[in-house]
Structure formats: C-alpha cells, structure tokens
Amino acid sequence: MLVLLTPAGGSFIDLWLTADQQGRRAYESLEFRAAANSFTDPAWKGIAQYRSGQYLEAADTFVRMDSAVGFFNRGNAFMRGREYRKAITAYESAVADAPEWIEAQENLELARYTLEYVERSREQSDTGEESG
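As the structure is a computational prediction, the values presented were derived from the model and not from experiment.

A. Summary view of the overall build of the protein. Along the protein, the regular secondary structure elements total seven helices and zero strands. Put simply, the protein runs from its N terminus to its C terminus through helices and strands in the order α-α-α-α-α-α-α. Counting every position in the protein, which comprises 132 residues, the buried fraction comes to 35%. When the accessible area of the protein is evaluated, it comes to approximately 8700 Å², of which 51% is carbon and sulfur surface.

Next comes the structure, spelled out in structure tokens:
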C-alpha cells in the first residue's frame, strides 16, 4: 500500500508545486491575496499585494528589489496608499537609476503635484478659504 505524507502543516499540493508556482496559480485565478501569501519572489509578491489592495505591504515588499523597477513599483504602491512623500522618494530613486525612463519622470511629477495639492487644500481648509 502506497501512502503519501505531506510536510508537517503542508498540503498535498505542496508536494508538487513550489510556493511561487502556487502563487502563480492563485494569481491567474484572480485570487490576489492568496497569491501574495504564496509568492516568495518579491516582484510577484509585491504585484499580488498591490492588486489585492495591500498597498503599504506591497511597498515594503518592493524594497527588496534594488532596481529602478522596484523603486518605480514602490512609488506606485505608496501613491495608492496616499503616502506621497514616500512615493516621491521612491520615484526619485527610480529616475536616478534610469534617467531616461519617461514614466518614472512623469510619476515623480504627478507625486509632487499631488502632495502640493493636498497640502494646499489642507491649508485652505484650516484657514476657511475656498479652494478652486
């Protein structure tokens, strides 16, 4: 009689698929939170976290990618998480690593504009002025 044993606390699928393969299956099934929990690859894990709305967690994951793409994705996650100053810093790093990357430059400009707009709106609401 053949008996298959799984690793302690594991499942049968753990015998056949790596964590990243399991994450990819969940991602393709649009189960982004499950995918994020499975992935070990920081790029895929961060993307799955971002797609599941876990923006600040995604930003923390993207920091493990020391590249322009990692900084760019980190900036995007911070923007969605409304952490505009941190987004600016991340985009500045992306532009420094890849100065010719137009999208990174545009996102940096957008982050700066957004922060300025938010701060101006707060000041106007504190003083009772009307915003345009």
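B. Structural context of the packing of helix H3 (residues 42–51) against helix H4 (residues 55–62). In contact at an axis separation of 8 Å, H3 and H4 are set at 170° when each is read in the N-to-C sense. Between H3 and H4, the interaxial angle falls into the category roughly antiparallel. Our pair here, H3 against H4, has a crossing hand that is left-handed. Mapping the contact onto sequence places Pro42, Ala43, Lys45, Gly46, Ile47, Gln49 and Tyr50 in H3 and Tyr55, Glu57, Ala58, Thr61 and Phe62 in H4. Split by residue class, the contact of H3 with H4 holds seven nonpolar, three polar and two charged.

C. Main features of the confidence of the model for the protein. Per-residue confidence for the protein gives a mean pLDDT of 86; residues scoring 70 or more make up 84%. Overall, residues 1–8 carries pLDDT values under 50, and its contacts beyond four positions in sequence, including any with other chains, amount to six contacts.

D. Region of interest: the environment of Met65. Mapped onto the elements, Met65 comes out in the loop between H4 and helix H5 (68–80). Between the C-alpha atom of Met65 and that of Gly46, which follows or precedes it by 19 residues, the distance is 9.8 Å. Discounting residues that sit within four places of it in the chain, Met65 has contacts with Pro42, Ala43, Gly70 and Phe71.

E. Inspection of the side chain of Lys45 at higher detail. If you trace the backbone, Lys45 turns up in helix H3. Contact partners of Lys45, with chain neighbours within four places excluded, come to Ala36, Asn37, Phe39, Thr61 and Arg64.

F. Layout of the packing of aromatic side chains. Scanning the entire structure with this criterion turns up six aromatic pairs. With centroids separated by 5.1 Å and ring planes inclined at 70°, the aromatic side chains of Tyr27 and Phe32 adopt a geometry described as edge-to-face. Judged by relative accessible area, Phe32 falls into the buried class, the value being 12%. Joined through ring pairs, the aromatic side chains of Tyr27, Phe32, Phe39 and Trp44 make up one cluster.

G. Representation of unusual backbone geometry in the model. We note that Leu30 has phi near 65°; this positive angle belongs to a residue other than glycine. With respect to the helices and strands, Leu30 occurs in the loop between helix H1 (19–28) and helix H2 (32–38). For Leu30, a relative accessible area of 60% gives the class exposed. Positive phi values are uncommon outside glycine, yet Arg82 reaches one of about 60°. Take Arg82: it is sitting in the loop between H5 and helix H6 (84–97).

H. The nonpolar core, seen in detail. Counting residues in each nonpolar core, the largest one holds 20 residues, and the members touching the most others are Met79, Ala87, Tyr91 and Ala111. Secondary structure elements with two or more residues in this core: H4, H5, H6 and helix H7 (102–127). If sequence neighbours within four positions are ignored, Ala111 has contacts with Met79, Ala87, Ile88 and Tyr91.

Criteria and cut-off values
- Residues numbered from 1 in each chain as written.
- Predicted model: local features only at pLDDT ≥ 70, side-chain atom pairs only at ≥ 80, totals over all residues.
- Heavy atoms only, no water.
- Helix = DSSP H or I, 4+ residues; strand = E, 2+ residues; numbered from the N terminus.
- Buried < 20%, exposed > 50% of the residue type's maximum accessible area, 1.4 Å probe, protein only.
- Areas by Shrake-Rupley, 256 points an atom, 1.4 Å probe, with all protein chains shown as cover.
- Axes fitted to C-alpha atoms, helices over the stretch in contact; angles between N-to-C directions.
- Parallel < 35°, antiparallel > 145°, perpendicular 65-115°, else oblique.
- Left-handed = near helix turned anticlockwise from the far one by under 90°.
- Contact = heavy atoms within 4.5 Å.
- Nonpolar A, V, L, I, M, F, W, Y, C, P; charged D, E, K, R; others polar.
- pLDDT = per-residue confidence, 0-100.
- Phe/Tyr/Trp six-rings, centres within 6.5 Å; stacked < 30°, edge-to-face > 60°.
- Core = buried A, V, L, I, M, F, W, Y, C linked by side-chain atoms within 4.5 Å.

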